[in-house]
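# Examining the three-dimensional arrangement
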Amino acid sequence: METVAGAVTHDPPPAAGGRQGGPLILTEDTELLDDLLRLCAAAGATPEVHHGVPDRRGGWETAPLVLVGDDAARRVRGAARRRGVVLVGRDQDDSGVWRRAVEIGAEHVLMLPDGEQWLVDRIADVAEGVGRPALTVGVIGGRGGAGASTLACALAVTSAREGLRTLLVDADPLGGGLDVLLGGETADGLRWPAFASSRGRVGGGALEESLPELHSLRVLSWDRGDRIAVPPQAVRAVLAAARRRGGTVVVDLPRRIDDGVAEVLTQLDVGVLVVPAELRAVAAAGRVASAVGMVLRDLRVAVRGPYSPGLDDREVARLLGLPLVGEVPVEPHLLRPDEGTAPPGAAPRGPLARFCREFWERALVEAGAA
């Protein structure tokens, strides 16, 4: 056992996707019950309350989380063993709490008030039905104009078309807005400045519902206001909420690394560096890769033609010392802006969509999510 934020814990039990509802609370201690109800309210969950193990069949077995007050430990001693039981007390000096936890099969021993934030997060997790976190991919240009935003949009559009819950995040406040690239600059929904004051935990469901929906995916972009940054703690809270919803998250990254971008990099599973196949671009991309690689371990390169003499995609990857994703193909309609407003990757049989589909197939298998 290890002590974390006032809690002694084993690994938390897995939760299935979909909203599960609130925890089961077992206690006769009115002060403890008031505290637990307050924490449930803070987590957005409505609990079921009993003095002991419920008489009706299924209550104890099916609740996503069981909070047993230390006063009720004796009354639940004979209940069937299950995962997700938390023994909650107040006396930090009571050594008998460990024995009672073993007797009821508790996976966590938590002392209030020290463990309040841990418990709020745990209750919110089960209320949201948190399962496998989203596969989170960041796309960054090796130099200006490399086509990173185009690839990020195409990856997100392809992911959504494949039926995955998808969020596209614009992490570049000076990039003009990914909602514009998707043709949704006037779409209803919140943009980054609305989350500037976010702290602690942001509800994943509330985040998703608040954002514009474009081409079957959600988009978190910048507005056309004066704000060009949000605090790192807000970036951390928003990205963590997005990841808890599962599916995929695609982030379009700027080439500069500030505190906010560093927060994004810590939450990425894979980074894709888009590099035009020319020597100056490769040289610039090397500097970007060095900076990003200080935070992100899994950085790969996607090469965009046309090729300078002596270069091909494998040579670019070799020069950068990075694994090769492949060659980013040209989407013909993107070269002819007068032919409509379809976003990158919108043509299911187009070369860019095929590239993105193959990328997701490999990445999801590697992540164990396929």
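Scroll up for the structure.
Summary of the structure given here. (Residues numbered from 1 in each chain as written. Predicted model: local features only at pLDDT ≥ 70, side-chain atom pairs only at ≥ 80, totals over all residues. Heavy atoms only, no water.)

### Topic: the pairing of strand β8 (residues 135-141)
So the rule is basically this: Exposure categories follow from relative accessible area, calculated using a 1.4 Å probe and restricted to protein chains: below 20% of the type maximum is buried, above 50% is exposed, and the middle band is partly exposed. Elements are defined by DSSP. Helices are runs of H or I of four residues or more, strands are runs of E of two residues or more, and each kind is numbered from the N terminus. When DSSP finds two or more bridges between two strands, those strands count as paired.
Counting buried positions along β8 gives seven out of seven residues, so the element sits mostly inside the fold. Side-chain alternation along β8 places Leu135, Val137, Val139 and Gly141 on one buried face and Thr136, Gly138 and Ile140 on a second face that is also buried. Across six bridges, the pairing between β8 and strand β12 (residues 248-253) is parallel. Paired with Leu135 across the bridge in β12 is Thr248. With five bridges connecting them, β8 and strand β13 (residues 270-276) associate as parallel partners. Across the sheet, the residue bridging to Val137 is Val270, located in β13.

### Structural notes on helix α9 (residues 259-266)
Let me state the cut-off plainly: Contact criterion: two residues are considered in contact whenever any of their non-hydrogen atoms come within 4.5 Å of each other.
Along α9, the residues classified as buried are Gly260, Val261, Glu263, Val264 and Leu265. On its buried side, α9 packs onto α8 (232-244), β12 and α10 (279-293).

### Here's the deal with the pairing of strand β7 (residues 108-111)
Applied cut-off: Note on handedness: a clockwise path from strand one over the helix to strand two, with the strands aimed away from the viewer, defines a right-handed crossover.
Residues His108 and Leu110 of β7 are buried on one face, and the alternating residues Val109 and Met111, pointing to the opposite face, are buried as well. In the sheet, strand β6 (residues 85-89) pairs with β7 via four bridges, with the strands oriented parallel. Counterpart to Val86 in the pairing with β7 is His108. With respect to chirality, the unit in which β6 leads through helix α3 (residues 96-104) into the neighbouring parallel β7 is right-handed.

### Considering the side chain of Arg243
Rule in force here: Pairs of N or O atoms are called polar contacts if they sit within 3.5 Å, as long as, within protein, a hydrogen donor faces a hydrogen acceptor (for residues adjacent in sequence, only side-chain-to-side-chain pairs).
With respect to the element layout, Arg243 can be found in helix α8. At a separation of 3.3 Å, a polar atom in the side chain of Arg243 contacts the side chain of Asp269. If we ignore the near neighbours within four places in the chain, the residues touching Arg243 are Pro133, Ala134, Thr136, Gln267 and Asp269.

### Some thoughts on the sheet that holds β13
In plain terms, the rule: Orientation is described by axes fitted as lines to C-alpha atoms, over the contacting stretch for helices, and by angles from 0 to 180 degrees between their N-to-C directions.
On the basis of which strands lie adjacent, the open sheet formed by eight strands has the order β10-β11-β9-β12-β8-β13-β14-β15 and mixed pairing. Taken across any chain shown, the strands that pair with only one partner, and hence form the sheet edges, are β10 (213-214) and β15 (324-328). This element, helix α11 (residues 313-320), spans β13, β14 (299-304) and β15 of the sheet and lies at about 145 degrees to β14.

### Focus on the packing of aromatic side chains
Where we set the bar: Each Phe, Tyr or Trp ring (for Trp, its six-membered ring) is paired with any other whose centre lies within 6.5 Å, and the angle between the two planes then decides the class: stacked below 30 degrees, edge-to-face above 60, tilted in between.
Within this structure, the stated rule accounts for two aromatic pairs. Where Phe359 meets Trp360, the ring centres are 5.4 Å apart and the plane angle is 70 degrees; that geometry is what we call edge-to-face. The pair formed by Phe359 and Trp360 is uniform in burial state, with each residue classed as buried.

### A word on the nonpolar core
Convention followed: The criterion is simple. A nonpolar core is a set of buried Ala, Val, Leu, Ile, Met, Phe, Trp, Tyr and Cys residues joined through side-chain atoms within 4.5 Å.
In this structure, Trp192, Val251, Leu253, Leu273, Val275, Val316 and Leu320 are the most contacted members of the largest nonpolar core, which totals 45 residues. Of all elements in the fold, only β9 (166-170), α8, β12, α9, β13, α10, β14 and α11 reach the threshold of two or more residues within this core. Leu217, Val325, Leu352 and Ala363 belong to the second largest nonpolar core, which has 33 residues in total.

### Some words on unusual backbone geometry
The omega angle of the peptide bond from Leu112 to Pro113 is 5 degrees, so this bond is cis rather than trans. Mapped onto the fold, Pro113 is located in the loop between β7 and α4 (116-128). Within the chain, His215 stands out as a residue other than glycine whose phi angle is a positive 55 degrees. Its location among the elements puts His215 in the loop between β10 and β11 (217-220).

### Points about the packing of helix α5 (residues 148-161) against helix α12 (residues 351-366)
Put simply, the rule reads: Between 65 and 115 degrees an angle is taken as roughly perpendicular, under 35 as roughly parallel, over 145 as roughly antiparallel, and anywhere else as oblique. When the near helix sits turned anticlockwise from the far one by under a right angle, the crossing is termed left-handed; a clockwise turn instead gives a right-handed crossing.
For the pair α5 and α12, interaxial distance at closest approach is 9 Å and the crossing angle is 70 degrees. As judged from the angle between their axes, α5 and α12 are roughly perpendicular. Pair α5 / α12 crosses with right-handed handedness. From α5, Thr150, Leu151, Ala154, Leu155, Thr158, Ser159 and Arg161 reach across to α12, where they touch Leu352, Ala353, Phe355, Cys356, Arg357, Phe359 and Trp360.

### Remarks on α4
The criterion, for reference: A helix's residues, less one, multiplied by 1.5 Å, set its expected span.
With 13 residues, α4 extends 18 Å between its outermost C-alpha atoms, agreeing within 8% with the 18 Å of an ideal straight helix rising 1.5 Å per residue. Of all 13 residues in α4, ten are buried, a share of seventy percent or more.

### Looking at empty space enclosed by the protein
As a reminder of what qualifies: Residues are called lining when one of their atoms sits within 4 Å of a cavity or pocket point, these points coming from a 1 Å grid over the protein atoms alone, where a cavity is a set in which a 1.4 Å probe fits but cannot get out and a pocket is an open set with protein on both sides within 12 Å along at least five of seven lines. Grid points are joined across faces, edges and corners, and a volume is the space filled by probe spheres set on the points.
Applying the stated criterion across every chain yields a total of one cavity of 30 Å³ or more. The volume enclosed by the largest cavity comes to roughly 100 Å³. Lining the largest cavity are 13 residues, with Arg165, Leu167, Glu208, Ala242 and Arg245 positioned closest to its centre. For the lining of the largest cavity, the secondary-structure elements that each account for two or more residues are β9, α7 (204-210) and β12.

### Points about the environment of Leu178
Looking at the secondary structure, you find Leu178 in helix α6 (residues 178-181). A relative accessible area of 3% means that Leu178 is categorised as buried. Spatially, the C-alpha atom of Leu178 lies 8.4 Å from that of Leu168, the residues being ten residues apart in sequence. If we ignore the near neighbours within four places in the chain, the residues touching Leu178 are Ser149, Cys153, Leu168, Val169, Asp170, Ser221 and Asp252.

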